[in-house]
Amino acid sequence: GNMSPRLLRRMREHERGVLTRTNEYLQAIGPFVEGLRKVPEALRAELDAAILTGDPAKITRVLGRTGKPELVGQFRQARALLDKVGAELMQAGKLKGLLSDYYPRIVTDVPGLLKALGAEQRTFIEKKIAEASHKTAKEALRDLTPFEVSQIINKALKGAPQGNGRPGFLKGRVVDEVTPELAKFYAPASESLPLYLRAVSKELERARFFGENLLRDPTTGVANLDESIGNLVREEQLAGRVTPDQAVELGDILRSRFGPGERTTSRPLQAAKNLAYAGLLGHVTSAITQLGDVAIAAAAHGILPTIKAIQQNVTRRPGRATVHDLGMIDHMAEEIVSASRSPVTVYGRQVSTAKFLEKAFKYSGFSWVDSVGKNVSIQASKNKLEGWAKTPAGIKRLEAKYGKAYTPGEMQQLVADLRSGELTDLVKGVMFSELSDVQPISKLEVPQGYLDNPNGRVLYMLKTFMLKQADIVRREVVQEFRNGNRVKATQQALRFGLALGIGGASTQWINNWLLGRNKEPEAMDIPLNALKTFGWSQYTLDKIKQGKPLEAVADVAAPPYKMFDTILRQDPAALQYLPVVGRVYYARDWFDLLDESGSDKANRKLEREERRKERAE
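Residues numbered from 1 in each chain as written. Predicted model: local features only at pLDDT ≥ 70, side-chain atom pairs only at ≥ 80, totals over all residues. Heavy atoms only, no water.

## A few points about empty space enclosed by the protein
- Tallying each qualifying case throughout the model produces 3 cavities of 30 Å³ or more.
- If you add up the space inside the largest cavity, you get close to 70 Å³.
- Lining the largest cavity, in full, are Lys94, Ala140, Arg142, Glu148, Glu203, Arg206, Val222, Ala223, Leu225 and Phe258.
- Of the residues belonging to the lining of the largest cavity, the class tally is 5 nonpolar, no polar and 5 charged. (1 Å grid on protein atoms, 1.4 Å probe; cavity = no way out; pocket = protein on both sides within 12 Å on 5 of 7 lines; lining within 4 Å. Points joined across faces, edges and corners; volume = space filled by probe spheres on them. Nonpolar A, V, L, I, M, F, W, Y, C, P; charged D, E, K, R; others polar.)

## Quick look at the pattern of salt bridges
- A complete count under the given rule lists 32 salt bridges for this structure.
- Residue Asp471 is joined to Arg474 by a salt bridge in which the shortest nitrogen-to-oxygen separation is 2.5 Å. Linking Asp471 with Arg474, this pair stays in helix α23 (residues 464-482), spanning 3 residues, or about one helical turn.
- Take Asp471: its relative accessible area is 16%, and that puts it in the buried class.
- Judged by its relative accessible area of 37%, Arg474 is partly exposed.
- Here Arg475 ties to Asp471 by a salt bridge, and the two come within 2.9 Å at their closest N and O atoms. Here Arg475 and its partner Asp471 are both found in helix α23, 4 residues apart, which amounts to about one turn of the helix.
- If you follow the salt bridges from partner to partner, you end up with Arg12, Lys384, Lys401, Glu434, Asp437, Glu445, Lys468, Asp471, Arg474, Arg475 and Glu476 in one network. (Salt bridge = Lys/Arg side-chain N within 4 Å of Asp/Glu carboxyl O. Helix = DSSP H or I, 4+ residues; strand = E, 2+ residues; numbered from the N terminus. Buried < 20%, exposed > 50% of the residue type's maximum accessible area, 1.4 Å probe, protein only.)

## Describing unusual backbone geometry
- Despite not being glycine, Leu462 has its phi angle at roughly 60°, a positive value.
- With respect to the helices and strands, Leu462 occurs in the loop between α22 (448-452) and α23.

## Observations regarding the packing of helix α14 (residues 293-301) against helix α15 (residues 303-314)
- Axis separation between α14 and α15 bottoms out at 7 Å; the angle between their running directions is 135°. Classed by the angle they form, the pair α14 and α15 counts as oblique. Contacts between α14 and α15 involve Val294, Ala297, Ala298 and His301 from the former and Ile303, Pro305, Thr306 and Ile310 from the latter.
- Across the contact of α14 with α15, the residue classes break down as 6 nonpolar, 2 polar and no charged. (Axes fitted to C-alpha atoms, helices over the stretch in contact; angles between N-to-C directions. Parallel < 35°, antiparallel > 145°, perpendicular 65-115°, else oblique. Contact = heavy atoms within 4.5 Å.)

## Section: the side chain of Gln439
- Among the structural elements, Gln439 can be located in the loop between α21 (425-438) and α22.
- By relative accessible area, Gln439 is classed as buried at 7%.
- Sequence-distant contacts of Gln439, defined by excluding residues within four places in its chain, comprise Asp293, Lys374, Glu445 and Lys468.

## Quick look at the nonpolar core
- Phe32, Ile51 and Tyr103 are the most contacted members of the largest nonpolar core, which has 48 residues in total.
- Mapped by element, the contributors of at least two residues to this core are α1 (5-37), α2 (41-53), α3 (56-64), α4 (70-91), α5 (110-116), α6 (119-139), α7 (146-159) and α9 (189-210).
- With 34 residues, the next largest nonpolar core counts Val323, Ile378, Phe496 and Ala530 among its residues. (Core = buried A, V, L, I, M, F, W, Y, C linked by side-chain atoms within 4.5 Å.)

## Remarks on α4
- Its 22 residues place the ends of α4 32 Å apart at the C-alpha level, agreeing with the 32 Å of an ideal helix rising 1.5 Å per residue.
- Taken residue by residue, α4 has Leu71, Val72, Gln74, Phe75, Ala78, Arg79, Leu81, Leu82, Val85, Gly86 and Leu89 as its buried positions.
- Here the buried face of α4 lies against α1, α2, α3 and α9.
- Looking one or two residues past α4, Gly93 carries a phi angle of roughly 85°, positive in sign. (Expected span 1.5 Å × (residues − 1).)

## Digging into a negative patch on the surface
- A cluster of acidic residues, Asp245, Glu249, Asp252 and Asp452, forms a negative patch on the protein surface.
- Within the secondary structure layout, Asp245 lies in helix α11 (residues 244-258).
- Owing to a relative accessible area of 65%, Asp245 belongs among the exposed residues under this scheme. (Patch = residues over 30% accessible without salt bridge, like charges linked within 9 Å, V, L, I, M, F, W, Y side chains within 5 Å. Areas by Shrake-Rupley, 256 points an atom, 1.4 Å probe, with all protein chains shown as cover. Lys, Arg positive; Asp, Glu negative; His and termini not counted. Charge placed at Lys NZ, Arg CZ, Asp CG, Glu CD.)

Now the structure itself:
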């Protein structure tokens, strides 16, 4: 943003475009997917095989036996969307032609499928995957996606050698047909369609972002990312908007975002992250803590615009701006939404830790409160900008903030849209940018090291929000001070410091009451909570006082490993990590509910008192 406000705007528009397009696609197929999940189990495998094979007559027959006639119409709507998406991919240069009755097939158990195939077929497919992987890493600067691996396998199966090693269930068959024996290696139809549309959304928005600068391999259609980014930054440099040194740095940032930034964390690490988030954030107390986001909105957009936004959301005023308008349904911080939905195998069973995390967030209220906080922040920014657009001084502030990112004509239209109160695309763009300034809602708002190291993202657990607040201080305080605006920098420091402190202290007082802690509110809670936002807890401060600064820094920087350590040691304190109820149950020591023996109850009481003393210390 410091180097090229115009490019920052384009990148944020790209992030919003991916979210919006994905949301539109998933909304369109929602009824069909939900209907598939409710099909009786006896018919589900047969229906999945028919849909993945793409046999219209067989699909219609099986759908007719489900007792849900509406599924036939919903399937046709899904097919129409797939045809539309296919045409868009052709126009973007990703596809050369369309297959009739195409339905995405995604292999979820690649090792299992390869093991089931004969030696010749397995060797042939592994070679094809290795070749494609090498080419994608070199040109697109990333790994193959699960969908791309599936495409390679499906294509290779058709042309695989027909040796004696071919398994019995494939002999004499055209492998366009997904048999029940093959279907177990593929995602069910209810999951493969959403996964495909998520991948397509990214592909189409990437093509839209690069435009004419996008170069593709003429054979595979894979984007040559290095050359495409080079064309883009060269265009900015030739236009005189960036210096040669800035062009190099911008290229490096874009390669991180579109290359390794698209890679996923390994399944075991992602499963561990999902479980950690469920155990640490899937609680009522965490949901209450999220209410502190409203204070940050007040600091960023003003107290009056924020109070008005709260009132507009409470009364559900028509025309208010929400996460739905920005395509952000069920979307939280980037480090959480990047979670892989691929299940892991536990004792021979497929378990989706991502779905478990979703349930924990839903029933603890965390998802709802997060959505409320975002809605307030989005509407507060709209109220603020609409107020700016109505006065000459306000228009100058608007131009100072966004004038370098928009053309004069766009700025004039933006002012007119804000004055009218209409929720146009230009208005949505600046609201998404305003929210991005205060929350890490996309891959563009996380550190470059996070993008470059997929498996290293575990080190950023519960840190991206903290880093975003540090970014606010850097942008609103440090940079303003360096630019000579010392009064403004001081005002901003006080505003955000008080917002973080008061917001954190208020939610802490509520949680203390909920957890049964007999701690009276104190004035020092405000500055201490401001420090907690940046990782400096009371524990950390105590370590510094004890002359152990390295331990203090390690505590701030380390991922939340203590949860797993406590669980593995079978410490009774592990109860606090049970999602939804665990933290309150443990804090209030409701163990007596499980006891009937008087002597056991007395011993339990002594243990409880000891724990309380330890926690107090």
